[in-house]
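# Commentary on secondary and tertiary structure
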Amino acid sequence: MKKVYLDNAATTPIRAEVITLMTKVLLEDYGNPSSAHFIGRNAKNAVEISRKSIAKEFNVSAQEIIFTSSATEANNFVIQSCIRDLKIERIISSKIEHHAVLHTIQILQKQYQIEVDYVNVLHTGNVDVVHLSELLSNSKAKTLVSLMHVNNEIGSVLDLNRIAKICKQNKAYFHSDTVQSVGKTTFDLQEIPIDFIVASAHKFHGPKGVGFAFIRKGIALNPILFGGEQEKGMRAGTECVHNIVGMAKALELSQENLVEEKKYISNLKEYTITQLKLHFTDVKFNGDTSETFFNILNILLPFSKEKTTMILFHLDMKGIAVSRGSACQSGSAKPSHVLFEILNSEDILKPSLRISFSHYNTLDDVDYLIENLKLI
Ligand code: PLP
């Protein structure tokens with residue numbers, strides 16, 4: 001059966017070079033990085049070289065990078081530790097965050113009785129920066145702002161630098177879930193006064209089960225996992241050496257190929273928009289496609305709501321992998337919490353699809369998708 005993978009915001013295929021390197025590490029660098037002997041030292045070396053290589057991509061120092069098992073863990077670590085260790089009294093976030101942030105905040109709000117304010121979201125899927133400034137200036141409470149860089153469902157983009165500066169002016173800490181943008185854009189964290197970002201390797205053609213948190217030098221957080229001295233005691237547990245090496249390699253390759261791949265993927269997205277408009281005159285786009293991130297396209301199909309549940313099934317039968325919202329929700333009948341914030345009560349019931357591209361996609365993939373959507 002033909003296989004078309006258009007769900008790259010959920011996860012991406014691993015690059016062949018990354019698999020080759022990871023296999024070598026699995027075979028040769030099998031030591032425990034905490035062991036003092038040469039086999040352990042080799043593994044430790046591989047971990048530390050990877051840390052330096054990742055830090056270099058962000059223009060930060062290696063000690064500011066903490067490896068984790070996922071971005072979910074990194075988000076949890078940062079937000080929970082901020083409340084406990086930095087004595088945060090208030091969080092400002094948005095209702096369109098990934099559940100790794102949204103649910104963490106909701107739980108912590110109950111546990112620590114902190115105040116939580118949500119910034120208004122515009123119909124484009126962008127947060128209302130004027131409202132954010134108002135929220136920041138109307139309270140003296142010690143505040144953490146947590147706003148994602150690129151929304152994983154609609155691709156709306158936050159101006160990180162602008163928000164970071166507003167947070168600094170208001171003496172608030174700033175955390176951003178940068179999962180969808182790391183590996184797909186460049187960051188100079190000496191230029192952007194942000195305190196925390198997080199990433200997940202499987203979103204940029206690396207392995208699953210590994211991510212990292214950037215924690216700005218000088219911010220003292222305590223661990224949420226206790227045990228050995230790994231990650232400077234901040235995150236105990238034997239390091240997943242092959243995954244860490246694979247993540248560093250995947251990031252390095254993503255950065256090396258960034259300009260070329262971005263151009264290629266942007267063209268694919270443009271082509272998809274043109275074809276959709278041509279074949280479905282009433283198609284709508286969720287978010288402002290002139291501003292959304294280059295690899296994510298969220299469409300509202302002009303089909304009846306009765307067809308909503310069968311679209312994914314139909315596409316699946318044809319070998320096409322797309323999603324309704326984030327991967328964690330796409331099996332659910334509940335409307336997406338992100339679209340709920342930007343669509344009216346009628347449109348939210350209609351079928352929306354998230355199409356997300358990588359450089360492995362072709363124009364042929366898009367044609368096949370359109371052809372099959374026309375059959376619905
Ligand atoms: N944040 C965003 C924006 C995501 O898209 C995802 C993945 O779906 C996550 C966090 C969670 O990442 P991980 O799979 O590494 O836990």
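Our subject is the structure listed above.
Described in the following lines is the structure provided in the data block. A quick note: this is a predicted structure, and the numbers were derived from the prediction, not measured.

A complete count under the given rule lists four aromatic pairs for this structure. Between Phe 58 and Phe 187 the ring centres are 5.5 Å apart and the planes differ by 45°, which places this aromatic pair in the tilted class. Here Phe 187 lies in the loop between β6 (173-177) and β7 (196-200) and Phe 58 lies in helix α2 (residues 38-58), a separation of 129 residues in the sequence. Considering the side-chain rings of Phe 293 and Phe 294, the 4.9 Å spacing of their centres and the 45° angle between planes classify their relative orientation as tilted. For Phe 293, a relative accessible area of 10% corresponds to the buried category. Exposure remark for Phe 294: the relative accessible area of 9% places this residue in the buried category. Three or more aromatic residues joined by ring pairs make a cluster, and in this case those are Phe 58, Phe 187 and Phe 212.

As summarised here, the arrangement of the three strands in space is β9-β10-β12, forming an open sheet in which the pairing is antiparallel. Both edges of this open sheet fall to β9 (284-285) and β12 (352-356), since each of them pairs with a single strand only. The pairing of β9 with strand β10 (residues 296-300) spans two bridges and is antiparallel. Pairing of Lys 284 across the sheet is with Leu 300, part of β10.

In this section: the site of the ligand. As a matter of local geometry, the ligand sits amid Ser 70, Ala 71, Thr 72, His 98, Met 148, Asn 152, Asp 177, Val 179, Gln 180, Ser 200, His 202 and Lys 203. Between the ligand and the protein, one listed contact pairs an oxygen atom with a side-chain N or O atom of His 98 at 3.3 Å. Between the ligand and Lys 203 there is a distance of 2.6 Å, counted from an oxygen atom to a side-chain nitrogen or oxygen. Protein chains bury 89% of the 390 Å² of accessible surface belonging to the ligand in isolation. Tallied by class, residues from the shell around the ligand come to three nonpolar, seven polar and two charged.

This part covers the environment of Pro 335. Mapping Pro 335 onto the fold places it in the loop between β11 (320-321) and α10 (337-342). Classification of Pro 335 as partly exposed rests on a relative accessible area of 42%.

Attention shifts here to unusual backbone geometry. Backbone geometry follows two general trends: most residues other than glycine have a negative phi, and most peptide bonds adopt the trans configuration. In this structure, Asn 59 takes a positive phi of about 60° despite not being glycine. Inspection of the secondary structure puts Asn 59 in the loop between α2 and β2 (65-68). With relative accessibility at 39%, the residue Asn 59 sits in the partly exposed group. Despite not being glycine, His 205 has its phi angle at roughly 65°, a positive value. With respect to the helices and strands, the residue His 205 is situated in the loop between β7 and β8 (211-215).

With respect to the helices, strands and loops of the structure, Glu 252 is situated in helix α7 (residues 241-256). On the basis of relative accessible area, Glu 252 is assigned to the partly exposed category, the value being 29%. Sequence separation between Glu 252 and Val 119 is 133 residues; the distance between their C-alpha atoms is 35 Å.

In space, the seven strands of this open sheet follow the order β2-β8-β7-β6-β5-β3-β4, with mixed pairing throughout. A strand with exactly one partner marks an edge of an open sheet, and here the two such strands are β2 and β4 (115-118). Shown here is a sheet whose adjacent strand axes are inclined to one another by a mean of 20°, direction ignored. When β7 meets β8, the two strands line up antiparallel, connected through five bridges. Note on β8: the bridge partner recorded for Ser 200 is Gly 211. Docked against the sheet, helix α4 (residues 99-112) engages β3 (90-93), β4, β5 (143-146) and β6, running at close to 145° with respect to β4.

Rules and cut-offs
Residues numbered from 1 in each chain as written. Predicted model: local features only at pLDDT ≥ 70, side-chain atom pairs only at ≥ 80, totals over all residues. Heavy atoms only, no water. Phe/Tyr/Trp six-rings, centres within 6.5 Å; stacked < 30°, edge-to-face > 60°. Helix = DSSP H or I, 4+ residues; strand = E, 2+ residues; numbered from the N terminus. Buried < 20%, exposed > 50% of the residue type's maximum accessible area, 1.4 Å probe, protein only. Pairing = 2+ DSSP bridges. Near = heavy atom within 4 Å. Polar contact = N/O pair within 3.5 Å; in protein donor to acceptor, adjacent residues only side chain to side chain. Areas by Shrake-Rupley, 256 points an atom, 1.4 Å probe, with all protein chains shown as cover. Nonpolar A, V, L, I, M, F, W, Y, C, P; charged D, E, K, R; others polar. Axes fitted to C-alpha atoms, helices over the stretch in contact; angles between N-to-C directions. Contact = heavy atoms within 4.5 Å.

Shape is all these values report; function is a separate question.
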